[in-house]
Amino acid sequence: MAPLRTVTAQLRSIQGWLTLIRIAGGYAGPWEILMDAISDFDRVISISPRHAKGYDLRGSVRMDQGDLLKALKDLDQAVSLDPRDPKTYCDRGQARHLFKDIRGAQEDFDMAAKLNPQLACAPYGQGLVRFDREEWSQAIVYFTRAIERDHELGLAYALRGLALRRLGRNAEAEKDIAESLRLDSRLKTPARLPLGKTPPE
């Protein structure tokens, strides 16, 4: 088995794939890039099969790939190997949300918030769950918490804006939506918002 420092260095270099994926293809990268990323994570896991972050990152790429069953399997493994990593709970919550397991997603986002109250993806995910349930006021509370932790989180502004609009608070809504577009030009219209996505940390 390779020394931990070697595996960690490999993971740091490979994590750049996630940024490349989002730059190259918006919120889901070109198939060839995704497949190359999967191959790299396969190699990391073969070197260190108990390295939780390898499973977490491979699961995240599989999520972008649309292979939710394999993504969930990887993320379950990541949680079992490192049950104290709040970002892994955010990632699995995202996958569960996309899989329409809203209760499971809420459990994961709640656990992430418990483990690290300062992590933006936790309240963002909690807001997604309330948004799905049309609990607009609660969704606004959670998206606001996410924005407080990351002022450049365009998706949180966009979804908070949509929730505000549902409550008839149109002036506030338009301000939030305008800010989301300033932060992330990919958010052209509400119909294009990738509601299942949690932000990278």
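Everything here concerns the structure above.
Everything quoted here is computed from the prediction, not taken from an experiment.

## Side note on the overall build of the protein chain
Part 1 of the argument: Along its length, the protein chain carries 11 helices and 0 strands.
Part 2 of the argument: Counting across all 201 residues of the protein chain, residues that qualify as buried make up 53%.
Part 3 of the argument: Within the protein chain, residue pairs in contact and separated by at least 24 positions form 55% of the contacts whose partners lie at least 6 positions apart.
Part 4 of the argument: Entry remark: accessible area of the protein chain is about 10000 Å², with carbon and sulfur atoms responsible for 51%.

## Observations concerning the nonpolar core
Part 1 of the argument: Membership of the largest hydrophobic core comes to 22 residues, with the highest contact counts inside it found for Tyr124, Phe131, Phe143, Leu153, Ala156 and Leu159.
Part 2 of the argument: Taken together, the elements giving at least two residues each to this core come down to helix H8 (121-132), helix H9 (136-149), helix H10 (154-166) and helix H11 (170-183).
Part 3 of the argument: Sort the elements by how many residues they give to this core and H10 lands first, with 8 residues.
Part 4 of the argument: Ignoring sequence-local partners within four residues, the contact set of Ala156 consists of Tyr124, Phe143, Ala146 and Ile147.
Part 5 of the argument: Formed by 8 residues, the second largest nonpolar core is a distinct cluster that contains Val79, Tyr89, Leu119 and Cys121.

## Let's talk about the state of the cysteines
Part 1 of the argument: What the rule picks out here adds up to 1 disulfide.
Part 2 of the argument: One disulfide in the model links Cys90 with Cys121; its S-S distance is 2.1 Å. Taking the sign of the S-S torsion, about 90° here, the bridge from Cys90 to Cys121 comes out right-handed. Highlighted residues: Cys90 in helix H6 (residues 86-98) and Cys121 in helix H8, separated in sequence by 31 residues. With respect to class, Cys90 is no different from Cys121; both count as buried.

## Topic: the environment of Asp85
Part 1 of the argument: Considering the arrangement of structural elements, one finds Asp85 in the loop between helix H5 (68-81) and H6.
Part 2 of the argument: Residue Asp85 is classed as buried on the basis of its relative accessible area, which comes to 15%.
Part 3 of the argument: In contact with Asp85, not counting residues within four places along its chain, are Lys53 and Leu115.
Part 4 of the argument: Here Lys53 takes part through its side chain, which lies 3.2 Å from a polar atom of the side chain of Asp85.
Part 5 of the argument: Within the local environment of Asp85, its side chain forms a polar contact with the backbone nitrogen of Lys87, the two atoms lying 3.0 Å apart.

## A short note on the packing of H6 against H8
Part 1 of the argument: Axis separation between H6 and H8 bottoms out at 9 Å; the angle between their running directions is 20°. Relative to H8, the element H6 is oriented roughly parallel. Considering the relative orientation of H6 and H8, their crossing is left-handed. Two secondary-structure elements touch here, H6 through Lys87, Cys90 and His97 and H8 through Cys121, Ala122, Leu128 and Asp132.
Part 2 of the argument: Within the contact of H6 with H8, the residues separate by chemical class into 4 nonpolar, 1 polar and 2 charged.

About the thresholds
- Residues numbered from 1 in each chain as written.
- Predicted model: local features only at pLDDT ≥ 70, side-chain atom pairs only at ≥ 80, totals over all residues.
- Heavy atoms only, no water.
- Helix = DSSP H or I, 4+ residues; strand = E, 2+ residues; numbered from the N terminus.
- Buried < 20%, exposed > 50% of the residue type's maximum accessible area, 1.4 Å probe, protein only.
- Contact = heavy atoms within 4.5 Å.
- Areas by Shrake-Rupley, 256 points an atom, 1.4 Å probe, with all protein chains shown as cover.
- Core = buried A, V, L, I, M, F, W, Y, C linked by side-chain atoms within 4.5 Å.
- Disulfide = S-S within 2.5 Å.
- Polar contact = N/O pair within 3.5 Å; in protein donor to acceptor, adjacent residues only side chain to side chain.
- Axes fitted to C-alpha atoms, helices over the stretch in contact; angles between N-to-C directions.
- Parallel < 35°, antiparallel > 145°, perpendicular 65-115°, else oblique.
- Left-handed = near helix turned anticlockwise from the far one by under 90°.
- Nonpolar A, V, L, I, M, F, W, Y, C, P; charged D, E, K, R; others polar.

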